[in-house]
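Given next are the chains, with one letter for each unit.
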Amino acid sequence: PFAPGKMAPVTGVYSGLLYRMLDEAMSERLAKHQAVKGTDARKRQEEAAEEMKLPVEMKIGLEGKVELILRLIPPGEFMMGARMGIEEQMRRYDYEREWYLPSYPRHRVSITQAFYVGAFEINQEQWQVMMGSNPSKFQGGPNSEEHPVESILFAEIEQYISRLQKCAPRGWQFALPTEAQWEYAARAGVESSYRQGEAIGHGEANFCPDGGEADAQGTVRGGTFPANAWGCYDMIGNVWEYCADLY
């Protein structure tokens, strides 16, 4: 839903979603929050963490002393879908109409449960230690173990998440985020197409210019570009990311 030109035609996975069902009373208190705005997104995150007595950032130990870093996403409401008209999207980015249709109509969504999502896309080292292999096309370069894993299938991600579950704290569950959860985490209170507004530059995300060859671009190390207000990196660019559902 956020396509600033031709992005890498390889699919990776965001660091999954870690959640725990809250008790009914706490759910009701947190659900009173209204729409999250970009200016107060970080404050909302900190308030939710204090309310639930949980850290804003959680670290999960994987095999081989490798860590998975997760960020707390508070409950709230947001407008899901594209604010920019479909004709304007087609004019700017030169994709077929079918590419944009899933982003319409724009509609309000309520996220009633807080959850954790990865601060980074799953990198090649995090995949390797759990799966015993690295299918990535873009590997072998300097610090490539910190680049996102890519060229993976949905069935492989299900297997990966099953193995991650063995590392989860008691009472917590790993899963892929739904499209609504992913977009909510990506926006972090922003209603425009990108964190920076309706336009984005090459100093702000890893993507190819219109008409460029995505395979030649390659991936970059997680954290190369700034995080959004909730501390999540590469929600725009680098690799496409799987979700649990189709919009």
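Residues numbered from 1 in each chain as written. Predicted model: local features only at pLDDT ≥ 70, side-chain atom pairs only at ≥ 80, totals over all residues. Heavy atoms only, no water.

1. Side note on the overall build of the protein chain
From N to C terminus, the protein chain includes eight helices and nine strands. Within the protein chain, buried positions represent 50% of all 247 residues. Taking the contacts inside the protein chain whose residues are at least 6 apart along the sequence as the reference set, 74% of them involve residues at least 24 apart. Carbon and sulfur atoms provide 51% of the accessible area of the protein chain, an area that totals close to 11,800 Å². (Helix = DSSP H or I, 4+ residues; strand = E, 2+ residues; numbered from the N terminus. Buried < 20%, exposed > 50% of the residue type's maximum accessible area, 1.4 Å probe, protein only. Contact = heavy atoms within 4.5 Å. Areas by Shrake-Rupley, 256 points an atom, 1.4 Å probe, with all protein chains shown as cover.)

2. Details of the packing of aromatic side chains
Applying the stated criterion across every chain yields a total of six aromatic pairs. With a centroid separation of 5.3 Å and an interplanar angle of 45°, the aromatic rings of Phe-78 and Tyr-184 are classed as tilted. Highlighted residues: Phe-78 in strand β5 (residues 76-80) and Tyr-184 in helix α7 (residues 179-187), separated in sequence by 106 residues. In this structure, Phe-78 and Tyr-184 share a single accessibility class: buried. When the ring of Trp-127 is compared with that of Tyr-160, the centres are 4.7 Å apart and the planes differ by 10°; the resulting orientation is stacked. Residue Trp-127 is found in helix α5 (residues 124-131), and its partner Tyr-160 is found in helix α6 (residues 154-164); the two are separated by 33 residues along the sequence. In this structure, Trp-127 and Tyr-160 share a single accessibility class: buried. These aromatic residues form a ring-pair network of at least three members: Phe-78, Tyr-184 and Trp-230. (Phe/Tyr/Trp six-rings, centres within 6.5 Å; stacked < 30°, edge-to-face > 60°.)

3. Regarding the pairing of β5
Where burial is concerned, most of β5 is hidden: five out of the five residues are buried. Neither face of β5 is open: one carries Gly-76, Phe-78 and Met-80, the other Glu-77 and Met-79, and all of them are buried. Pairing of β5 with strand β6 (residues 107-111), which is carried by five bridges, proceeds in the antiparallel orientation. Looking at the pairing, Glu-77 lines up with Ser-110 of β6. (Pairing = 2+ DSSP bridges.)

4. Some thoughts on the confidence of the model for the protein chain
Mean pLDDT for the protein chain: 79, with 68% of residues reaching 70 or above. Here residues 1-12 is a poorly scored stretch, pLDDT under 50, and it has 64 contacts once near neighbours within four places are set aside; other chains count. (pLDDT = per-residue confidence, 0-100.)

5. A closer look at the environment of Pro-142
Looking at where Pro-142 falls in the secondary structure, it is placed in the loop between α5 and α6. Between the C-alpha atoms of Pro-142 and Arg-221, which are 79 residues apart in sequence, the distance is 9.6 Å.

6. Quick word on the nonpolar core
Counting 29 residues, the largest nonpolar core has Leu-18, Ile-60, Leu-62, Leu-68, Tyr-116, Tyr-160 and Phe-174 as its most contacted members. Elements supplying a minimum of two residues to this core: α2 (41-52), β3 (57-61), β4 (67-73), α5 and α6. It is α6 that contributes the most residues to this core, four residues altogether. Setting aside anything within four residues of it in sequence, one finds Leu-62 in contact with Leu-68, Gln-126, Val-129, Met-130, Tyr-160, Leu-164 and Cys-167. (Core = buried A, V, L, I, M, F, W, Y, C linked by side-chain atoms within 4.5 Å.)

7. Some points on unusual backbone geometry
A positive phi angle, near 60°, is found at Lys-65, a position not held by glycine. Note that Lys-65 resides in the loop between β3 and β4. For Lys-65, a relative accessible area of 82% corresponds to the exposed category. Although it is not a glycine, Ala-188 sits at a positive phi angle of roughly 50°. Position of Ala-188 relative to the elements: it lies in the loop between α7 and α8 (214-217). Ala-188 sits in the buried class, given a relative accessible area of 1%.

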